[in-house]
Amino acid sequence: MAEKILVHCCCGPCSTSSVKRLLEDGWDVVLHYENSNIYPEEENTKRYEELEKVAEHYGVPVIKTEYDHDAWLEHIKGFEAEPELGKRCQLCYEYNLRQAKKMADKLGIKKFTTTLTVSRFKKSSLIFEQGGKFEGYVPYDFKKKAGFEESIKISKEMGLYRQGYCGCEFSILTAVNEDEVIGDI
């Protein structure tokens, strides 16, 4: 029997190739949507709805936790002006991964990971550093094996909405065109 893994999902598009790879690697996948960093709340809802499409496509369950943007803002307080990939982002990764760990524990799932590493606009080593703080974290680099490119392809095939910014109100200011490829960082 396959081992269960809880997967923190940032959005539907990033989850496409990540879930596919986990299933190919033999995991029993449970998706977790906890993204209190997403702003505004309507954007958070839209991203969750796209994730539901991915869950249905792959036949895996998805769990959504309550949106609490105020708690996330409190967690990153003092770092709002940090540049992308700076301390604010690291605190955001830590926040979401802590929430994933709590959900994994609640469900009795020993392993968890995140789809955040599929993005070419995120540095996987920073995510691994934050995830490494929590027992059971599995450091998957989903951008490897052309994961980012595959996520774009699958997202287009599925007709998924692809957002133009990471998620928080501070990342809107540094939004990157989704078709722009900046290479692995």
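Presented here is a report on the structure given in the accompanying data block. Worth saying up front: this structure is predicted, and the values here are computed from it rather than measured. Note that residues are indexed from 1 along each chain, following the sequence as it is written. Given that the model is predicted, a residue must reach a pLDDT of at least 70 before its local features are reported, and side-chain atom pairs must reach 80 or more before they are shown or counted; all residues, however, enter totals for whole chains, interfaces and linings. Values reported for side chains reflect all heavy atoms of the structure, with hydrogen atoms and water molecules removed beforehand.

### Notes on the packing of aromatic side chains
Keep this limit in mind: The aromatic pairing rule takes the rings of Phe, Tyr and Trp, using the six-membered ring of Trp, and pairs them if the centres are within 6.5 Å, calling planes under 30 degrees apart stacked, those over 60 edge-to-face and the rest tilted. Runs of E in the DSSP output that reach at least two residues are strands. Runs of H or I that reach at least four are helices, and both are numbered from the N terminus. To sort residues, take the accessible area from a 1.4 Å probe on protein chains only and compare it with the maximum for the residue type: under 20% means buried, over 50% means exposed, and anything in between is partly exposed. Lysine and arginine charges are scored as sitting over a ring when NZ or CZ, respectively, is within 6 Å of the ring centre and within 35 degrees of the ring normal.
Within this structure, the stated rule accounts for five aromatic pairs. With 5.8 Å between their ring centres and 90 degrees between their planes, F121 and F148 make a pair best called edge-to-face. Of this pair, F121 sits in the loop between β4 (111-114) and α5 (124-131) while F148 sits in helix α6 (residues 147-158), placing them 27 residues apart in sequence. With centroids separated by 4.9 Å and ring planes inclined at 5 degrees, the aromatic side chains of Y140 and F142 adopt a geometry described as stacked. For F142, a relative accessible area of 2% translates into the label buried. Over the aromatic face of Y161 sits the side chain of K46, whose NZ or CZ is 4.3 Å from the ring centroid. Lying across the ring of Y48, K64 places its NZ or CZ 4.9 Å from the centre.

### Description of the pattern of salt bridges
Worth spelling out the cut-off: Put simply, a salt bridge is a Lys or Arg side-chain nitrogen that is within 4 Å of an Asp or Glu carboxyl oxygen.
If you walk through the whole model with that rule in mind, you get eleven salt bridges. For E94, the salt bridge identified is with R98, shortest N-O distance 3.5 Å. Remark: R98 and E94 occur in helix α4 (residues 87-107); sequence separation between them is four residues, near one turn of the helix. Residue classification places E94 among the buried positions, given a relative accessible area of 10%. Given the relative accessible area of 31%, R98 is considered partly exposed. The shortest N-O distance in the salt bridge between K101 and D105 comes to 3.0 Å. In this pair, K101 and D105 are both assigned in helix α4, four residues apart and thus about one turn of the helix distant. Since its relative accessible area comes to 46%, D105 is described here as partly exposed.

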